[in-house]
Amino acid sequence: MKNILKKVSAIAMAFTLLGTGTAITKNVSPETTTPSITASAACSHHGYRYSTKGNWQTYYAYKANNVVYYEQKRKVSVHCGSCSKVVSSYYEYRTIRK
């Protein structure tokens, strides 16, 4: 009966950890002989995104009909809200007439 209870609780713990996105790693330091178990949260879905936008930079200027146009771009980085890693990045473009 004890072995069955241990197996059921081990399976339940495994599914719980899989469902929450955590991982168990075994760390053994060279100074000690006792292994320690560490649970760390892994960001597997990169949810709760936010973005940061850089400054506009002029990369091209031209003149047409006595009007000067400036082509500008800025980099937008999309970050994960939980682990702050850059998920994707792209450039925004605009044309300014002066």
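Whatever comes next refers back to the structure up there.
Residues numbered from 1 in each chain as written. Predicted model: local features only at pLDDT ≥ 70, side-chain atom pairs only at ≥ 80, totals over all residues. Heavy atoms only, no water.

Asks: Before we move on, can you summarise unusual backbone geometry with the specific residues and values?
Replies: The backbone of Asn 65 sits at a positive phi, close to 55°, despite the residue not being glycine. Relative to the helices and strands, Asn 65 resides in the loop between strand 4 (57-64) and strand 5 (67-80). Overall, the relative accessible area of 75% leaves Asn 65 in the exposed class. Positive phi, close to 60°, is recorded for Asn 66, a residue that is not glycine. Within the secondary structure, Asn 66 sits in the loop between strand 4 and strand 5. (Helix = DSSP H or I, 4+ residues; strand = E, 2+ residues; numbered from the N terminus. Buried < 20%, exposed > 50% of the residue type's maximum accessible area, 1.4 Å probe, protein only.)

Asks: Let's hear about the pattern of salt bridges: which residues, and what values?
Replies: Counted according to the given criterion, the structure contains two salt bridges. Where Lys 53 meets Glu 92, a salt bridge forms, and the shortest distance between an N and an O atom there is 3.8 Å. Residue Lys 53 is located in strand 3 (residues 49-53), and its partner Glu 92 is located in strand 6 (residues 86-97); the two are separated by 39 residues in the primary sequence. Note on Lys 53: relative accessible area 48%, which makes it partly exposed. The residue Arg 74 makes a salt bridge to Glu 92 at a minimum N-O spacing of 2.9 Å. Here Arg 74, found in strand 5, pairs with Glu 92, found in strand 6; they are 18 residues apart in sequence, far enough to count as distant. Using a relative accessible area of 19% as the deciding quantity, one classes Arg 74 as buried. Each of the salt bridges in this network shares a partner with another, and the network as a whole consists of Lys 53, Arg 74 and Glu 92. (Salt bridge = Lys/Arg side-chain N within 4 Å of Asp/Glu carboxyl O.)

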